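Observations on the model geometry
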Amino acid sequence: MMVPSIWGKNLFDSFMDDFAYPEVDKAAKHANNLMKTDVKETDTTYEVDIDLPGFKKDEIKMQLQDGYLTIAAQRNVEKDDKNKDGKYIRRERFSGSVSRSFYVGEDVKQEDIHAKYENGILSFTLPKQEQRKAIEEKNHYIAIEG
């Protein structure tokens, strides 16, 4: 049976689960939709934009270690279901942590990365590494006998 899908999701995606299992937190399953990333290459840099909607600047950490740049964000929403106005029927806002790592090379230093966060988008630039000149200068061919 063919089921219609909209934007890569099943039209009936867990619709009945909300009624059958209301106590299950559905926000965590949408976590994989976070941290959408665009990378733009210029002559001397890479410009990276990462969507982090709903996060505050102090909830986002960037760490450079062993050539890997890791971006991590953690957001905690109160999980108190005992609200005086009633209890939640559906919760879709994300609560938890997400992270993503990029290999940027051993030569990139912390001071080379310039980052800013505004309007839910983390933007930063990375310098491009120079290609190794030794590889370009000389090609070593192996003679084949026969």
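If you walk across this open sheet you meet the three strands as 5-6-7, and the pairing is antiparallel. At either margin of the open sheet sits one strand with a lone partner, and together these are strand 5 (60–65) and strand 7 (96–103). With direction set aside, neighbouring strand axes in the sheet form an average angle of 15°. The pairing of strand 5 with strand 6 (residues 68–75) spans six bridges and is antiparallel. From the neighbouring strand, glutamine 63 faces strand 6, where its bridge partner is threonine 70.

What follows concerns the packing of aromatic side chains. What describes a pair of aromatic rings is the distance from one ring centre to the other and the angle between the planes of the rings. Counted under the stated rule, the structure contains one aromatic pair. An angle of 65° between the planes, with centres 5.0 Å apart, marks the rings of tyrosine 68 and tyrosine 103 as edge-to-face. Within this pair, whereas tyrosine 68 is found in strand 6, its partner tyrosine 103 is found in strand 7, the two being separated by 35 residues in sequence. Stacked on the ring of tyrosine 46, the Lys or Arg lysine 128 has its end atom at 5.7 Å from the ring centre.

Across the chain, the average pLDDT comes to 75, with 60% of residues at 70 or higher. Predicted confidence is poor over residues 1–5, with pLDDT under 50, and the contacts of this stretch with residues over four places away or in other chains come to eight contacts.

On the surface, Asp38, Glu47, Asp49 and Asp51 cluster together into a negatively charged patch. Top contributing element to the negative patch by residue count: strand 4 (residues 45–51), with three residues. Take aspartate 49: it is sitting in strand 4. Judged by its relative accessible area of 35%, aspartate 49 falls in the partly exposed class.

Calculation rules
Residues numbered from 1 in each chain as written. Predicted model: local features only at pLDDT ≥ 70, side-chain atom pairs only at ≥ 80, totals over all residues. Heavy atoms only, no water. Pairing = 2+ DSSP bridges. Helix = DSSP H or I, 4+ residues; strand = E, 2+ residues; numbered from the N terminus. Axes fitted to C-alpha atoms, helices over the stretch in contact; angles between N-to-C directions. Phe/Tyr/Trp six-rings, centres within 6.5 Å; stacked < 30°, edge-to-face > 60°. Lys NZ or Arg CZ within 6 Å of the ring centre and 35° of its normal. pLDDT = per-residue confidence, 0-100. Contact = heavy atoms within 4.5 Å. Patch = residues over 30% accessible without salt bridge, like charges linked within 9 Å, V, L, I, M, F, W, Y side chains within 5 Å. Areas by Shrake-Rupley, 256 points an atom, 1.4 Å probe, with all protein chains shown as cover. Salt bridge = Lys/Arg side-chain N within 4 Å of Asp/Glu carboxyl O. Lys, Arg positive; Asp, Glu negative; His and termini not counted. Charge placed at Lys NZ, Arg CZ, Asp CG, Glu CD. Buried < 20%, exposed > 50% of the residue type's maximum accessible area, 1.4 Å probe, protein only.

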